[in-house]
Amino acid sequence: DHGKITTVDGQGMWRAWKRGFTSNVRAFKDLIDNAVDAAFDDPSVKKEADDDFIGRIDIYPDVHQSTTTGLCLLNNCVSTVAPLEKVFVVYESSKVDSGADAVGENGVGLKQACAALSDLSFVLVKRANTQLSFGVIAESLQLRGGVRLPSFN
């Protein structure tokens, strides 16, 4: 199963995600904020003595035959990110009563920002240098009978 279909109206959820930001600039800033949070050197994360981790964020246009077709945001993370199959779950949060240390954990901002910016977004995640995940956030996949956010490892 590459992304469960929920019982929530997917088309209605897409409309709600699109309304999550008052402008495309704010939506993109939220994605950048997520990237900054991920790259932040958290002193509570145990690091190897020789670990010289440096957080990086790169933003560049996706160009095909001299036409800009989208934007790419590439970042690294100080700790292992959650699998996309967990990030893409709707209405399930491990942040409940967990405080500020769990910001961005359940992907709400990711889903909202992607919906606000485009009707089709691709998410690629490399986890712990051993696993590559690919996910799709697309308006055309949403059903009245459920939210569909497929991901593949």
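Refer to the structure printed above.
These numbers come from a predicted model, not from an experiment. (Residues numbered from 1 in each chain as written. Predicted model: local features only at pLDDT ≥ 70, side-chain atom pairs only at ≥ 80, totals over all residues. Heavy atoms only, no water.)

Asker: It is not clear to me how the packing of helix H2 (residues 24-39) against helix H4 (residues 108-117) should be interpreted in this structure. Could you clarify?
Answerer: Packed helix pairs are characterised by how far apart their axes lie and by the angle those axes make with each other. Across the interface, H2 lies against H4 with an axial gap of 9 Å and an inter-helix angle of 145°. For the crossing formed where H2 meets H4, the hand is left-handed. Counting all contacts with H2, which are made through Asn24, Ala27, Phe28, Asp30, Leu31 and Asn34, the residues of H4 involved are Gly109, Leu110, Ala113, Ala116 and Leu117. Tallied by class, the residues present in the contact of H2 with H4 amount to 7 nonpolar, 3 polar and 1 charged. (Axes fitted to C-alpha atoms, helices over the stretch in contact; angles between N-to-C directions. Helix = DSSP H or I, 4+ residues; strand = E, 2+ residues; numbered from the N terminus. Left-handed = near helix turned anticlockwise from the far one by under 90°. Contact = heavy atoms within 4.5 Å. Nonpolar A, V, L, I, M, F, W, Y, C, P; charged D, E, K, R; others polar.)

Asker: Looking at this structure, how should I read the pattern of salt bridges?
Answerer: Pairing of side chains with opposite charge becomes possible as their charged atoms draw close. Per the stated rule, a full pass over the model turns up 1 salt bridge. Between Arg144 and Asp9 there is a salt bridge, and its shortest N-O distance comes to 3.4 Å. A residue pair is termed long-range when its members are at least 10 positions apart, and Arg144 in the loop between strand S4 (131-138) and strand S5 (151-152) and Asp9 in the segment before helix H1 (10-18) qualify at 135 residues. For Asp9, a relative accessible area of 23% translates into the label partly exposed. (Salt bridge = Lys/Arg side-chain N within 4 Å of Asp/Glu carboxyl O. Buried < 20%, exposed > 50% of the residue type's maximum accessible area, 1.4 Å probe, protein only.)

Asker: Explain the side chain of Ser133 to me, please; I cannot follow it from the model alone.
Answerer: Here Ser133 shows up in strand S4. A relative accessible area of 1% means that Ser133 is categorised as buried. Only 2.6 Å separates the side chain of Ser133 from the side chain of Asn153, close enough to count as a polar contact. Excluding anything up to four places from it in sequence, Ser133 contacts Leu84, Val123, Leu124, Val125, Phe152 and Asn153. (Polar contact = N/O pair within 3.5 Å; in protein donor to acceptor, adjacent residues only side chain to side chain.)

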